[in-house]
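Each chain, written out:
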Amino acid sequence: MAERDPGPFQAAASIREVEAADAAALDMLLRDATTPFVIRGLVAHWPLVEAARQSPRAARDYLLGLSRDMDFTVSVGQPQDDGRLFYNADATAMNFNTFKGKLPGIFAQFDKGEELGDARAIYIASTDVHQYFDGLDAANHVDLGERDLLASIWIGTHTRIAAHNDFPDNLACVAAGRRRFTLFPPDQFRNLYLGPVDNTPAGRAVSMVDFHAPDFDRFPRFRDALEHAQIADLEPGDALHIPSMWWHHVEGLDRFNILVNYWWRETPRWLGQPQDALNHAMLSIRDLPADEKAHWRDLFDYYVFGDQADVVAHIPEPGRSVLSPLTPEKAARMRGFILRQLSR
């Protein structure tokens, strides 16, 4: 596939590149990182990468040999959309269909598409490596120390995934095909023109801007976002660290692409998901009268964003409950309390 015209991104900065001699060095890089970085060749030794260097079909055969007899979820786009998995024209539905099927049958569609030159996107997104494969992680693994990891695999034709962010940290490892990542800092969300939060292509709000043809009349602040953009083109074997909440637009540049990524949180899993709190705030606070909203903003500052010592100083320590630092037990109590309130 020919190189794509960088268009409005031609002046974007390159994501910094670093080296990690061993797992301890990688651990230190991840602990200290507040911005993204690329490590070239981090997973070049993986058997999956070596199979992909032979051919796309060799990579698929390798995965078939380790896959379990389960239904995989696959998305199929339309040829005219150039791999962009997004909304339809009025953003009421998606421009792709989703199916379930066994991996051999899905891979047969990849084979057929390559033979016929079919331009439609075929995409297996965010599939749990441990649940769907036997031994894949053991043979193709990055040592990330004591982190509580979720490992996922992404398999697709040429695809374009709209800019979105994720709460966990992410180490994305390219196993087959070339991938282009375009990243923005967390504070650029206003300039990315986010779409709906409850009707999304893959569970997270996405930028409504077409990065291949930005409409600056409709999205004028996107010019400001471009000033903060960082780009990296990754080859098979390369890896990219995407810190928590960084926005990332992802393109599979070749006819066949595989990505394996690792997600982890720097906070315990028993803590709640911030997005859930935001969603519920939209439901219960956003449409209140202005004076009531101002009161609730003040309460959020007091209970959530302010000095916790001031919140509990007047309460005897044994009676502070969830107002004191959370533990797994207190978090479970709070979760139960919230569920009871929501069920009323």
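As shown above, the structure is provided for reference.
Definitions and limits used
Residues numbered from 1 in each chain as written. Predicted model: local features only at pLDDT ≥ 70, side-chain atom pairs only at ≥ 80, totals over all residues. Heavy atoms only, no water. Pairing = 2+ DSSP bridges. Helix = DSSP H or I, 4+ residues; strand = E, 2+ residues; numbered from the N terminus. Buried < 20%, exposed > 50% of the residue type's maximum accessible area, 1.4 Å probe, protein only. Salt bridge = Lys/Arg side-chain N within 4 Å of Asp/Glu carboxyl O. Axes fitted to C-alpha atoms, helices over the stretch in contact; angles between N-to-C directions. Parallel < 35°, antiparallel > 145°, perpendicular 65-115°, else oblique. Contact = heavy atoms within 4.5 Å. Nonpolar A, V, L, I, M, F, W, Y, C, P; charged D, E, K, R; others polar. Arc of directions from axis to C-beta. Core = buried A, V, L, I, M, F, W, Y, C linked by side-chain atoms within 4.5 Å. Lys, Arg positive; Asp, Glu negative; His and termini not counted. Polar contact = N/O pair within 3.5 Å; in protein donor to acceptor, adjacent residues only side chain to side chain.

Enquirer: Would you mind showing me how to read the sheet that holds strand β8 (residues 159-164) here?
Expert: Working definition: the strands of a sheet are paired by backbone hydrogen bonds and lie parallel or antiparallel to each other. With mixed pairing, the six strands of this open sheet are ordered in space as β1-β11-β10-β13-β8-β4. Taken across any chain shown, the strands that pair with only one partner, and hence form the sheet edges, are β1 (13-14) and β4 (84-85). Alignment of strand β10 (residues 179-184) against strand β11 (residues 230-234), held across five bridges, turns out to be antiparallel. Note that in β11 the partner of T182 across the bridge is I231.

Enquirer: Please clarify how the pairing of strand β7 (residues 150-156) should be interpreted in this entry.
Expert: The side chains of a regular strand alternate, first on one face of the sheet and then on the other. The element β7 is largely enclosed, with a buried count of six among its seven residues. The sheet contact formed by strand β6 (residues 122-128) and β7 spans four bridges and is antiparallel. Looking at the pairing, Y123 lines up with G156 of β7. Inspection of the sheet shows β7 paired to strand β14 (residues 257-264) by seven bridges, in the antiparallel sense. Looking at the pairing, I155 lines up with I258 of β14.

Enquirer: Got a minute to help me understand the pattern of salt bridges in this structure?
Expert: Any two side chains of opposite charge can pair, given that their charged atoms come close. Across all of its chains, the model carries 18 salt bridges by this definition. Where R120 meets D118, a salt bridge forms, and the shortest distance between an N and an O atom there is 2.8 Å. Assessed through its relative accessible area of 29%, R120 is described here as partly exposed. Its relative accessible area of 25% is what places D118 among the partly exposed residues. Among the ionic pairs, R178 bridges to D254, the shortest N-O distance being 2.8 Å. With a gap of 76 residues between them, R178 in the loop between β9 (169-176) and β10 and D254 in the loop between β13 (247-252) and β14 connect regions that are remote in the sequence. For D254, a relative accessible area of 18% puts it in the buried group. Among the ionic contacts, a cluster of salt bridges with common partners joins R57, R60, D111, E114 and E115.

Enquirer: Mind showing me how you'd approach the packing of helix α3 (residues 56-64) against helix α4 (residues 103-116) here?
Expert: When two helices pack together, you describe them by how their axes are tilted relative to each other and by the distance separating the axes. Two elements in contact, α3 and α4, have axes separated by 11 Å at closest approach and are oriented at 175 degrees. It follows from the interaxial angle that α3 and α4 lie roughly antiparallel. Residues P56, R57, R60, L63 and L64 of α3 pack against L103, P104, F107, F110, D111, E114 and E115 of α4. Looking at the contact of α3 with α4 residue by residue, the classes come out as seven nonpolar, no polar and five charged.

Enquirer: Explain helix α1 (residues 23-32) to me, please; I cannot follow it from the model alone.
Expert: Count 3.6 residues to each turn of an α-helix, and residues three or four apart come out pointing the same way. Of all the positions in α1, only L26, D27 and L30 are classed as buried. Each buried residue of α1 lies within a common arc of 100 degrees when the element is viewed along its axis, so the set occupies one face. Opposite the buried face of α1, at more than 90 degrees from it, the exposed residues are A24, R31 and D32. As for α1, its buried residues are in contact with β2 (37-39), β12 (239-242) and β14.

Enquirer: Is there a simple way to explain unusual backbone geometry in this structure?
Expert: Residues apart from glycine generally show negative phi values, whereas peptide bonds are mostly found in trans. Located in the positive-phi region is A91, a residue other than glycine, with phi close to 60 degrees. Using a relative accessible area of 22% as the deciding quantity, one classes A91 as partly exposed. Residue M245 is not a glycine yet carries a positive backbone phi of 75 degrees. Along the polypeptide, M245 turns up in the loop between β12 and β13.

Enquirer: Teacher, can you tell me more about the nonpolar core here?
Expert: The nonpolar side chains of a soluble globular protein tend to be buried, and buried together. Counting 42 residues, the largest nonpolar core has V142, I258 and Y262 as the members making the most contacts within it. In this structure V142 touches L26, L42, V43, W46, L171, C173 and Y262, once residues within four positions along its chain are discounted. Counting residues in hydrophobic clusters, the runner-up holds 21 residues, among them F86, A162, A163 and F222.

Enquirer: What am I meant to see in the side chain of D169 here?
Expert: If you trace the backbone, D169 turns up in strand β9. Comment: no salt bridge for buried D169; closest opposite-charge side chain is R147, at 7.3 Å. From its side chain, D169 meets the backbone nitrogen of S244 in a polar contact 3.4 Å long. The residues touching D169, leaving out its near neighbours within four places in the chain, are H241, I242, P243, S244, Y262, W263, W264 and E266.

Enquirer: How should I be thinking about the side chain of R178 in this particular structure?
Expert: By relative accessible area, which is 14% here, R178 ends up buried. Here D254 takes part through its side chain, which lies 2.8 Å from a polar atom of the side chain of R178.

Enquirer: How should the sheet that holds strand β3 (residues 71-76) be read in this particular structure?
Expert: Read from one edge of the open sheet, eight strands run β2-β12-β9-β14-β7-β6-β3-β5, paired in antiparallel fashion. Single-partner strands in this sheet number two, and they are β2 and β5 (97-102). Pairs of neighbouring strands in the sheet enclose a mean axial angle of 25 degrees, with direction left out of account. Looking at chain direction, β2 and β12 are connected through three bridges and run antiparallel.

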